[in-house]
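This is what each chain is made of:
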Amino acid sequence: MLYEMQHGGNMFGYVVINKPEMKFKDFDVYRSFYCGLCRELREKYGIAGQISLNYDMTFVILLLSGLYEPPVQKGTTRCIVHPIVKQAVRKNEITEYAADMNLLLTYYKCMDDWSDEKKLLRLAYAKLLENGDKKAEAAYSEKSQKILSLLNQLSRWEEDGETDIDKMSGCFGRIMEEIFAYRHDNWEPTLRRLGFYLGKFIYLLDAYDDVEKDAETGNYNPFSEDYIMEGFEERVRQLLMMMMAEACREFEKLPIIKYADILRNILYSGVWCRFQTVSKKRREEQEKNHVRSI
């Protein structure tokens, strides 16, 4: 269940912008950092690394870039998605860090899927990423060991059928905490708490998103016993609101001016887009089933 892989990559794709509510100039900046991460993954890890691209790491880049304001390299690029018109690209030292974290998570998740469910495609993809994983592990040995240990813990609890949603989401929150903790400085505790609560939000939303599918396939989901109960939707909404309230509280403690409008668009609006989409789909399915039963 955990963070189903997005177009071949890892992670989750829940930390996204609300594009209709974003200014054109802010969208251009956001997209240029997204394209920068795409190029970084391609240059460091080849096409196999590039297809692990996701929106969540773009948020990490913008957040840490807004806080630390490292020098930014600007340029343009062409790619398969945009072969004719060159796209603006922004990259910095945090883009490199995010690419490494992205690679680590993708590789670990592929190996976990192979271990748990013997998914051959995941094993094959992991083999393509193996050399890159060794490089990233060497560069961030302490961090990579912590992340791997937490993922293994999460996997063991899933195998045991753990139903404590706070325990499960908290474990994933600690993984995100490690990714957000870019430096050992005064901002580390705040960044860790922000990462922790955002990680819990992501885990809960992913479980909510996948619960029907997991129930059908027999895959683990912490909501598998709750989703048919009355009030399930409202319970999940309240949990998600609590997690985002805590995440936003930590964000507002950071002295971020650059990219602040983009980050607030994501935290206060964008992250709810997927929840609304899933909720609408679930209501429509329930109405169809109700009509059939009449």
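Throughout, a residue's number is its position along its own chain's written sequence, starting from 1. Only residues with pLDDT of 70 or above have their local features reported here, since the model is predicted, and side-chain atom pairs are shown and tallied only from 80 upward, although totals for entire chains, interfaces and linings are computed over all residues. The basis for every side-chain value is the complete set of non-hydrogen atoms in the structure, without hydrogens or water.

**Q** How do you make sense of the packing of aromatic side chains when you look at a structure like this?
**A** Aromatic rings considered in pairs are described by the distance between their centres and by the relative angle of their planes. Note on aromatic pairs: the rings of Phe, Tyr and Trp (six-membered ring only in Trp) are paired at centre separations within 6.5 Å, and the planes decide the class, stacked below 30 degrees, edge-to-face beyond 60, tilted for the rest. A complete count under the given rule lists 13 aromatic pairs for this structure. Ring geometry for tyrosine 208 versus phenylalanine 232: centroids 6.0 Å apart, planes at 35 degrees, classification tilted. Of this pair, tyrosine 208 sits in helix α7 (residues 188-217) while phenylalanine 232 sits in helix α8 (residues 232-251), placing them 24 residues apart in sequence. For the pair tyrosine 208 and phenylalanine 232, one class covers both residues: buried. An angle of 75 degrees between the planes, with centres 5.3 Å apart, marks the rings of phenylalanine 223 and phenylalanine 232 as edge-to-face. Each member of the pair, phenylalanine 223 together with phenylalanine 232, is buried. Taken together, the ring pairs connect Phe201, Tyr208, Phe223, Phe232, Trp272 and Phe275 into an aromatic cluster. The side chain of lysine 19 reaches across the aromatic face of phenylalanine 27, ending 4.4 Å from its centre. Charge over a ring is defined by NZ of Lys or CZ of Arg lying within 6 Å of the ring centre and within 35 degrees of the ring normal. One Lys or Arg, arginine 183, reaches over the ring of tyrosine 68 and ends 4.2 Å from the middle of that ring. Per the convention used, a helix needs a DSSP run of H or I reaching at least four residues, while a strand needs a run of E reaching at least two, with both numbered from the N terminus. Type-normalised accessible area, obtained with a 1.4 Å probe on protein chains alone, sets the label of each residue: buried when under 20%, exposed when over 50%, and partly exposed for intermediate values.

**Q** In this structure, what is going on with α7? I would like to understand it.
**A** Residues three or four positions apart in an α-helix share a direction because the helix packs 3.6 residues into each turn. The span one expects for a helix is its residue count, reduced by one, times 1.5 Å. Spanning 30 residues, α7 covers 40 Å between terminal C-alpha atoms, matching the ideal 44 Å at 1.5 Å per step. A maximum bend of about 55 degrees is found in α7 at valine 211. Counted residue by residue, α7 has 21 buried out of 30 residues, so it is predominantly covered. One or two steps after α7, the chain reaches glycine 218, where phi turns positive at roughly 85 degrees. Take the seven residues that end at a residue and the seven that start at it, fit an axis to each, and the angle between those axes is the bend at that residue.

**Q** In this structure, what is going on with the packing of helix α5 (residues 141-159) against helix α6 (residues 165-180)? I would like to understand it.
**A** When two helices pack together, their arrangement is given by the angle between the helix axes and the distance between those axes. Only the stretch in contact is used when fitting a helix axis, every axis being a line fitted to C-alpha atoms; angles between N-to-C directions are given from 0 to 180 degrees. Here α5 crosses α6 at 165 degrees, and the two axes come no closer than 9 Å. The angle between α5 and α6 places the two elements in the roughly antiparallel class. As for how α5 packs across α6, the hand of that crossing is left-handed. Packed against α5, whose contacting residues are Lys143, Lys146, Ile147, Leu150, Leu151, Gln153, Leu154, Trp157 and Glu158, the element α6 presents Lys167, Met168, Cys171, Phe172, Arg174, Ile175, Glu178 and Ile179 at the interface. For classification purposes, an angle smaller than 35 degrees is called roughly parallel, one larger than 145 roughly antiparallel, one from 65 to 115 roughly perpendicular, and anything else oblique. Helix crossings are classified by the rotation of the near helix relative to the far one: an anticlockwise turn of less than a right angle makes the crossing left-handed, while a clockwise turn makes it right-handed. Pairs of residues are marked as contacts when any of their non-hydrogen atoms sit within 4.5 Å.

**Q** Please clarify how the pattern of salt bridges should be interpreted in this entry.
**A** By definition here, a salt bridge exists when the distance from a side-chain nitrogen of Lys or Arg to a carboxyl oxygen of Asp or Glu is within 4 Å. For the structure shown, the criterion picks out 22 salt bridges. Between lysine 213 and aspartate 210 there is a salt bridge, with the nearest N and O atoms lying 3.9 Å from each other. Placement of the pair is lysine 213 and aspartate 210 together in helix α7, with a separation of three residues, close to one helical turn. Here lysine 213 falls in the partly exposed class, since its relative accessible area comes to 43%. Judged by its relative accessible area of 7%, aspartate 210 falls in the buried class. Ionic pairing is found between glutamate 246 and arginine 249, a salt bridge with its closest N-O pair at 3.0 Å. Of this pair, glutamate 246 and arginine 249 both sit in helix α8, separated by three residues, roughly a single helical turn. The class of arginine 249 is partly exposed, set by a relative accessible area of 47%. A single salt-bridge network, built from bridges that share partners, covers Glu142, Lys143, Lys146, Glu177, Glu178, Glu188 and Arg192.

Honestly, that's just the spatial picture; any functional story needs more than this.
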